[in-house]
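# A look at the structure
Residue-level listing of the chains:
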Amino acid sequence: MTASAPRVAIVGTGVIGAMAAWQLAARGAHVLAFDSHGPGHDRGASAGESRIFRTVYKEGASYVPLLRRAHRLWRALEAESGRALLTMCGGLTIGSPDEPDLAAVRRCADEAGLAHEVLDASAAAERFPQHRLDPDEIAFLDPDAGVLRPEPSVQGALDAAAHHGARILSYQHVEEYAETATGWRVTAQGEHHDVDHLVLTPGPWAPQLAPLDGLPVEARLITACWFAARDPAAHRPDRLPIAIRRHSAAGFSCFPLLDGVAVKIVPHHLGWPGLDSPEALPRGAGTDFALAASAAVERLLPGLIPHPVRISTYAEGFTPDEHPLVGALPGAANATVLTGFSGHGFKLAPVFGEIAADLVMSGSTHHDIAALDPRRFAVGTQRH
Ligand SMILES: Cc1cc2nc3c(=O)[nH]c(=O)nc-3n(C[C@H](O)[C@H](O)[C@H](O)COP(=O)(O)OP(=O)(O)OC[C@H]3O[C@@H](n4cnc5c(N)ncnc54)[C@H](O)[C@@H]3O)c2cc1C
């Protein structure tokens, strides 16, 4: 660390802020990383045992270079933190061939020239009997997919950041932001901190952050359910890939068993309702939700006992086009925003940490993030 290195305040150490802290501190910045809660907490977007990593990206082939770089950085963080974070187990997208997600993964694989297999229903039943397919359905297999561990990922990135000299300020809510002649003054717990640059990574708390006023991020509730496996060995990552299931009766993400007991599903077809604030996150889901999730499991995942053994709720920030906001904060100097990851940001977090460090240290990045520029929504925004 040198005296001329920038002083940087990061607001929010979910996975995105934690990765930014790691990357910035590794390049010698003086990092203060604030969070209102503790590392790996379960009120925001970065907890809940498992996350999907995929390379054939239904959200668009333009993400593939970012995903490849993220993969390398996940391995670098594993080496630096001494933690196992990513297990490659392959990834399935299952449904009727005309489902939009099936068409999207085939398009992405073609455009980016990515390895894949397409299995008809009987081939899929033979290889992956954990899933029940209708006779006209197919399974698309992405070999470069896997499962991530969110809580150790956040802790690992924060430990690595601290090792490079970052100050991790947990349970310190940043309540005030003021632009100064040379940067920003942030106030947390009544104490002022003067920095050269501000990095805003508040996830679903974005609507509550004054400097982000005018950017369209909505906090939404995402509910995850765990179902006990009749044969746990058949549902571990060595036999069960991650999956995105599309069916006329239900849609969900499915995660292999990591705790020795249960498979996680995140239902998509039951809706992700808006939240006034992540601080108002409800605990658990109602009976109707549990029954509907059980019906989906009974119909499509025959190896699971169709009654949830655990239900947990999380908050995530969504943008109108479901692509994140990454770049300079419109209408302000020396401020970078990374938020609104819209349900698919975890796997990409290390590369967005690298991009945050590029933007702070040199004002630009070689990664192509033009489509994620917050200014696409900020026309006419007057902040000062
Ligand atoms: C249930 C669920 C399943 C998902 N599944 C996948 C998946 O399989 N694969 C995938 O790639 N992505 C997935 N996602 C999306 C991914 O997890 C998120 O995009 C990612 O975790 C977003 O991280 P974040 O750092 O932006 O937000 P968060 O993790 O919510 O972090 C924001 C942090 O900011 C802090 N903060 C806010 N305001 C302040 C303040 N004023 N002062 C101090 N601290 C503040 C909060 O306390 C919080 O810790 C999923 C999301 C959810 C919720």
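Numbering of residues starts from 1 in every chain and runs along the sequence as written. Reporting of local features is limited, given that this is a predicted model, to residues whose pLDDT is at least 70; pairs of side-chain atoms are given and counted only at 80 or more, and all residues count toward the totals for whole chains, interfaces and linings. Water and hydrogen atoms were dropped before computing side-chain values, which therefore reflect all heavy atoms in the structure.

So the rule is basically this: UniProt positions are given in the numbering used here, feature names are shortened, and annotations may be inferred rather than shown by experiment.
The protein carries the name N-methyl-L-tryptophan oxidase in an unreviewed UniProt entry, which gives Streptomyces albus as its organism. The record held by UniProt for the protein lists under Cofactor (unreviewed entry) the comment "FAD".

## Here's the deal with empty space enclosed by the protein
The criterion, for reference: Every definition here rests on a 1 Å grid over the protein atoms only: cavities are sets of points where a 1.4 Å probe fits but cannot get out, pockets are open sets enclosed by protein on both sides within 12 Å along at least five of seven lines, and lining residues have some atom within 4 Å of a point. Grid points are joined across faces, edges and corners, and a volume is the space filled by probe spheres set on the points. Secondary structure follows DSSP: runs of H or I at least 4 residues long count as helices, runs of E at least 2 residues long count as strands, and numbering of each begins at the N terminus. The residue classification treats Ala, Val, Leu, Ile, Met, Phe, Trp, Tyr, Cys and Pro as nonpolar and Asp, Glu, Lys and Arg as charged. All others, Gly included, are polar.
Inspection of the entire model under this criterion finds 1 cavity of 30 Å³ or more. Estimated volume of the largest cavity: approximately 50 Å³. Around the largest cavity, the lining residues are Arg54, Val56, Gly91, Leu92, Thr93, Val105, Phe140, Asp142, Ala145 and Ile242. Those elements that place two or more of their residues in the lining of the largest cavity are β5 (91-95) and β7 (138-142). Counted by class, the lining of the largest cavity contains 6 nonpolar, 2 polar and 2 charged residues.

## Some points on the environment of Cys254
Quick note on the threshold: Here, two residues are considered to be in contact whenever any of their heavy atoms come within 4.5 Å of each other.
With respect to the element layout, Cys254 can be found in strand β16 (residues 250-255). A C-alpha to C-alpha distance of 25 Å links Cys254 and Ser62, two positions 192 residues apart in sequence. Discounting chain neighbours no more than four positions away, the residues touching Cys254 are His131, Pro241, Ile242, Ala243, Val263, Lys264, Ile265 and Leu301.

## Observations concerning the pattern of salt bridges
Under the convention used in this document: Salt bridges are counted wherever a side-chain nitrogen of Lys or Arg sits within 4 Å of a carboxyl oxygen of Asp or Glu. Burial here depends on accessible area, computed with a 1.4 Å probe over protein chains only, as a share of the maximum for the residue type. Under 20% is buried, over 50% is exposed, and the range in between is partly exposed.
This structure, assessed with the given rule, holds 17 salt bridges. The partner of Asp134 in a salt bridge is Arg299, with the nearest N and O atoms 3.0 Å apart. With Asp134 in the loop between α4 (121-127) and β7 and Arg299 in helix α6 (residues 287-300), this pair connects stretches of sequence that are 165 residues apart. Assessed through its relative accessible area of 21%, Asp134 is described here as partly exposed.

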